[in-house]
Amino acid sequence: MSSSATAVPATNPATLIFAGLGVAAVAAASWAYAHWGMPWEFLAGDEIEYAEVGRRLASGRGFTTGIIYPIEIGWGVDAEHPSLLRAPLWPALLSLVFRIAEPGPISVQLTSAAAFVAGAVVSFALATRLAGVAVGAVAGVAVATCPDVVLYALFGGTEALFGLWIVVCFALLATGAHGFWIGAVCGLAYLTRFNGGLLLPMACLLLLWRPNRWRAPTACALGFVAVAGIWWTRNALVTGDPFFSLYGITLYFTPDVIPLNGSLLNMIEPDLTSAAAMDPWQKFQRLLPHALIHWPLLTANALGLAGIALACARRDRQAWAFLGVSLATTVVIALVAVRGRYLIPFVPAMLALGAAAWWRYGGALRIPALALLLLMPLLPRLPNELRDTKLAHGFVDKLPGLGPIDPGAAPTFARCVEPHDLVIAFNAPAIHWRANSVTLHMTRTPEDFWYLVRNHPVTYVSLPENHAVVAQERFAETFVARPECGRGIFARR
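Small disclaimer: the values here were computed from a predicted structure and weren't measured.

Draft legend 1. Examining the overall build of the chain more closely. The helix and strand inventory of the chain stands at 21 helices and six strands. A globule of 493 residues ought to have a C-alpha radius of gyration of about 23 Å, and the chain, at 24 Å, matches this closely. Looking at the 493 residues of the chain, the share that counts as buried comes to 57%. For the chain, the proportion of contacts with a sequence separation of at least 24, taken over those separated by at least 6, is 70%. Accessible area for the chain stands at about 20800 Å²; split by element, carbon and sulfur atoms hold 65% of it. On the chain, the mean spot of the 33 positive side-chain charges and the mean spot of the 29 negative ones are 12 Å from each other.

Draft legend 2. The arrangement of the packing of helix H3 (residues 89-98) against helix H4 (residues 105-131) in detail. Interhelical geometry of H3 versus H4 gives an angle of 115 degrees and a closest axis separation of 10 Å. Both H3 and H4 take part in a crossing whose hand is right-handed. Counted together, Trp90, Leu93, Leu94, Val97 and Phe98 of H3 and Ser107, Val108, Thr111 and Ser112 of H4 form the full contact between these two elements. For the contact of H3 with H4, the per-class residue count stands at six nonpolar, three polar and no charged.

Draft legend 3. Structural detail: the state of the cysteines. Taken as a whole and assessed by the stated rule, the structure comprises one disulfide. Paired by a disulfide, Cys416 and Cys485 hold their sulfur atoms 2.1 Å apart. Disulfide Cys416-Cys485: the torsion about the S-S bond is -95 degrees, which places it as left-handed. In this pair, Cys416 sits in the loop between helix H18 (410-413) and strand E2 (422-425) while Cys485 sits in the loop between strand E5 (479-481) and strand E6 (489-492), placing the two residues 69 residues apart along the sequence. The thiol sulfur of Cys186 is not disulfide-bonded, and the nearest other cysteine sulfur, from Cys169, lies at 3.8 Å. Using a relative accessible area of 0% as the deciding quantity, one classes Cys186 as buried. With no disulfide partner, Cys312 has as its closest neighbouring cysteine sulfur the one in Cys169, 16 Å distant.

Draft legend 4. Here's a closer look at the sheet that holds strand E4 (residues 458-462). One open sheet accounts for six strands, arranged E1-E3-E2-E4-E6-E5; its pairing is mixed. The sheet is open, and its two borders are formed by strand E1 (67-68) and E5, each paired with just one other strand. Taken together, the three bridges between E5 and E6 define a ladder with antiparallel strand orientation. Pairing of Phe479 across the sheet is with Arg492, part of E6.

Draft legend 5. Up close: the packing of aromatic side chains. Tallied over the full model, the rule gives 22 aromatic pairs. Considering the side-chain rings of Trp232 and Phe243, the 5.0 Å spacing of their centres and the 70 degrees angle between planes classify their relative orientation as edge-to-face. In this pair, Trp232 sits in helix H10 (residues 215-239) while Phe243 sits in the loop between H10 and helix H11 (280-293), placing the two residues 11 residues apart along the sequence. When its relative accessible area of 55% is taken as the criterion, Phe243 is described as exposed. In this structure an aromatic cluster arises from ring pairing among Tyr190, Phe194, Phe224, Trp232, Phe243 and Tyr247.

Definitions and limits used
Residues numbered from 1 in each chain as written. Predicted model: local features only at pLDDT ≥ 70, side-chain atom pairs only at ≥ 80, totals over all residues. Heavy atoms only, no water. Helix = DSSP H or I, 4+ residues; strand = E, 2+ residues; numbered from the N terminus. Rg over C-alpha atoms; globule rule 2.2 N^0.38 Å. Buried < 20%, exposed > 50% of the residue type's maximum accessible area, 1.4 Å probe, protein only. Contact = heavy atoms within 4.5 Å. Areas by Shrake-Rupley, 256 points an atom, 1.4 Å probe, with all protein chains shown as cover. Lys, Arg positive; Asp, Glu negative; His and termini not counted. Charge placed at Lys NZ, Arg CZ, Asp CG, Glu CD. Axes fitted to C-alpha atoms, helices over the stretch in contact; angles between N-to-C directions. Left-handed = near helix turned anticlockwise from the far one by under 90°. Nonpolar A, V, L, I, M, F, W, Y, C, P; charged D, E, K, R; others polar. Disulfide = S-S within 2.5 Å. Pairing = 2+ DSSP bridges. Phe/Tyr/Trp six-rings, centres within 6.5 Å; stacked < 30°, edge-to-face > 60°.

That is the geometry; function is a separate question.
Okay, structure coming up:
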């Protein structure tokens, strides 16, 4: 840290508690206001896939899933198919919630809300540690009212929990916590989203400045292994590879828009020469400039990022560490797919560190800068946010006027299907959640579809009636429409 930084004001414990509760109340009210009028339903297939694993964990069936991508069929298509795609911590947390509450979207969204509120409070604590309770309150309220942070807390995905672990990691570093616990939090971030593993080298580098310079980084690495090793052991037992992940295929995903069920995950043997694929290096060259121009940290709160830049100019190690890990994450997503949701979880830590930086290093500008940091949500975004974040904002804004989301044939279909039935579905997560039968995502190609039908006891198919496969004469010879089971439901003859 720079020796010329402003001293941290002393804080009365009662004031600290009152301010922390105030930040929690603002965050809870902000989430409730944003959610007002929205249906208590799953908003995306990813949410259901995480919740499905959590529901099975809660019932004692382990890390298994009934929602299967075609690329996974080598591990079976039975009711105990191992979960191979999703990171495990969010489903594990949901399983604890599902033991005391009804498994479903209300429980999932409220758990996401709790992680969001906790993230705002820890952001308050981090900024308070670095710059005093008043700056901490500014940081906490900025997190609680940041539109992008609130947006992804409305969904039942991993963003709010991942953001919580990031800011907890920086808070532990700021408080001088033991390296083992810092590494354990890095492990929790990794098990929430696998790119969270990038926190480990960042933390180890910062810990090199402590006395006995190698002891703290070694303890950090051991803490990480102690947490992540449980998952690695499970993977080794299931797949033979402790570091197995289907996410490796995402390196070859095309960034161009493709139809639903049109990705490489929807192919039994991914064809890297197909329109669904792109060379990773070519993709990286194309996407990295776009990711940097529309950097989610800049569009979420430019003043917070400016505070990070100011601290970096003053040789603040935590600011440099934050900038390094967020840029490394940007490089990684440019190899996969540039989406705002991958970087929004870094915003709470950015706002806490940025607010503290303005107080410590901003001189006469610190008060106007902190005020403007709070006002950023009311100002135009320059540059515009990434496409997925913009679309998500528009989707959520329209939800109150749309009424209940129609999950297709799922409610009616549940009355026809038996638990042992095998289903291929265009909207596999929604179909599975209601019907609770093993459900395969629809394949990208007709050839893979017929391979599944030929080699597995497919009982039902749920597809739009204008789907290309449905139009085939072969389909009419194999399946018959069952309108009494729902729209677009076909049963095997």
